[in-house]
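Structural features, examined
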Amino acid sequence: MLPGNERQDVERGGKIIMPPSALEQLTRLNIEYPMIFKLTNKKTKRITHCGVLEFVADEGKVYLPHWMMANLVLEEGAVIQVESVSLPVATFSKFQPLSEDFLDITNPKAVLENCLRNFSCLTTGDVIAIKYNSKVYELCVLETKPGNAVIIIECDMNVEFAPPVGYKDDEKIKDSEGTSGLRGMDEDHAAMMPEPSGFIAFSGEGNRLDGKKKKVADENQEQVPQSRQPYIRGIPDYDYQIGTLRFIRNSRPQSATEEVPPEPFQAFKGEGFTLRTAKSKN
């Protein structure tokens, strides 16, 4: 049996433990590094690829992770074929989580990148298992490029995620009235606001700071209702140029009859006062 710590290392990644005789035979052959192996279950014709962790297993035995045995449909003590192969370097991979719990991870790409350091290669169709925060997440390898099996050691690989199994993107949360709580992005929000009936400038009331009531000429005089101006929406300025500011005043232009000719300028036209008090003459 393997020690407990080595058993945990095997379950943490995509590498197997092989016997020392395999290392002696591989050193005699002209093989490429890193060592990549093709595992085949002849009964089910299931194939996967893996790396090697150590050569400390008992003779005639290899130790595989549990998720790899599930992919190969292997039982403990079954016969498996191990071949040394060379694979292309990965450029792209796509994963699909098998549980919606994977969406609770804040940065799934960073977590996956950290967990894939214990893997040497990926095979399309495999269901790998990664451990994060004492929880195991299963991911299906949907696609790998440039081949169905690729090496992920020292490579620049683009990663994509497919929606988890059972995830429905079109679900909408309904409120208590039974209407949909999500609104379309193309909906006109101005139409949701009530249309004002009219605008009245300075229609409020004023109060004095000293607490006195304001003087009214005739309290019994009926107030003349103010005319309401029709509400007109703003018209965009199609001649606007970037970098310019325009300050527009809503002032009523004076008519020709109301024009007052300006008075000519006269210097020292004002009145003067003295600060001395006049003495009475007895």
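About the cut-offs
- Residues numbered from 1 in each chain as written.
- Predicted model: local features only at pLDDT ≥ 70, side-chain atom pairs only at ≥ 80, totals over all residues.
- Heavy atoms only, no water.
- Salt bridge = Lys/Arg side-chain N within 4 Å of Asp/Glu carboxyl O.
- Helix = DSSP H or I, 4+ residues; strand = E, 2+ residues; numbered from the N terminus.
- Buried < 20%, exposed > 50% of the residue type's maximum accessible area, 1.4 Å probe, protein only.
- Pairing = 2+ DSSP bridges.
- Axes fitted to C-alpha atoms, helices over the stretch in contact; angles between N-to-C directions.
- Contact = heavy atoms within 4.5 Å.
- 1 Å grid on protein atoms, 1.4 Å probe; cavity = no way out; pocket = protein on both sides within 12 Å on 5 of 7 lines; lining within 4 Å.
- Points joined across faces, edges and corners; volume = space filled by probe spheres on them.
- Nonpolar A, V, L, I, M, F, W, Y, C, P; charged D, E, K, R; others polar.
- Core = buried A, V, L, I, M, F, W, Y, C linked by side-chain atoms within 4.5 Å.
- Domains from an automatic or database assignment.
- Phe/Tyr/Trp six-rings, centres within 6.5 Å; stacked < 30°, edge-to-face > 60°.

Moving on, we get to the pattern of salt bridges. Under the definition given, this model contains 2 salt bridges. Where K135 meets D101, a salt bridge forms, and the shortest distance between an N and an O atom there is 3.1 Å. Taken together, the positions of K135 in strand β8 (residues 135-145) and D101 in the loop between β5 (92-97) and α4 (108-115) put the pair 34 residues apart, joining distant regions of the chain. Taking relative accessible area as the criterion, D101 reaches 31% and is therefore assigned partly exposed.

On to the sheet that holds strand β7 (residues 127-132). Pairing within the open sheet is mixed, and its 4 strands lie in the order β7-β8-β5-β10. Edge positions in the sheet fall to β7 and β10 (158-161), since each of these pairs with one other strand and no more. Direction aside, neighbouring strands of the sheet carry axes that sit 35 degrees apart on average. Pairing of β5 with β8, which is carried by 6 bridges, proceeds in the antiparallel orientation. Across the sheet, the residue bridging to F95 is V141, located in β8. The strands touched by α4 within the sheet are β5, β7, β8 and β10, with β10 carrying the most contacts at an inclination of about 125 degrees.

What follows covers the sheet that holds strand β3 (residues 46-54). With mixed pairing, the 4 strands of this open sheet are ordered in space as β1-β3-β2-β4. The two strands at the open ends of the sheet, each matched to only one other strand, are β1 (15-17) and β4 (81-85). Averaged over all neighbouring strand pairs, the angle between strand axes comes to 45 degrees, with direction disregarded. Of the pairings in the sheet, the one linking β1 to β3 comprises 3 bridges and is parallel in character. The partner of K15 across the bridge, within β3, is G51.

Turning to the pairing of β8, a few remarks are in order. Taken together, the 6 bridges between β7 and β8 define a ladder with antiparallel strand orientation. Residue pairing across strands places V127 opposite C140, the latter belonging to β8. What sits between β7 and β8 in their antiparallel hairpin is a turn of 2 residues, with N133 showing a positive phi close to 55 degrees.

Empty pockets left among the atoms are what a rolling probe the size of a water molecule brings to light. Quantified by volume, the largest pocket comes out at close to 750 Å³. Around the largest pocket, the lining comprises 29 residues; the ones closest to its centre are G60, K61, V62, Y63 and I80. Looking at the lining of the largest pocket element by element, the count peaks at 4 residues for helix α2 (residues 20-28). The class makeup of the residues in the lining of the largest pocket is 16 nonpolar, 6 polar and 7 charged.

In terms of nonpolar packing, the biggest core is built from 37 residues, with L39, L64, F95, L116 and I128 touching the most fellow members. Of all the elements in the fold, those that place two or more residues in this core are α2, β2 (36-41), β3, α3 (66-72), α4, β7 and β8. Summarising the domain contributions, this core has at least three residues from each of domain 1 (8-84) and domain 2 (92-161). Apart from the residues lying within four places of it in its own chain, the contact partners of F95 are L112, L116, L122, I128, L139, C140, V141, V159, E160, F161 and A162. Of all hydrophobic cores here, the second largest spans 5 residues; its members include I36, L87, C121 and I151.

What the rule picks out here adds up to 4 aromatic pairs. Between W67 and F119, the ring centres sit 5.8 Å apart and the planes meet at 35 degrees, which makes this aromatic pair tilted. With a gap of 52 residues between them, W67 in helix α3 and F119 in the loop between α4 and β6 (121-123) connect regions that are remote in the sequence. With centroids separated by 6.5 Å and ring planes inclined at 40 degrees, the aromatic side chains of F95 and F161 adopt a geometry described as tilted. Here F95, found in strand β5, pairs with F161, found in strand β10; they are 66 residues apart in sequence, far enough to count as distant. Judged by its relative accessible area of 0%, F95 falls in the buried class. The exposure class of F161 is partly exposed, given its relative accessible area of 26%.

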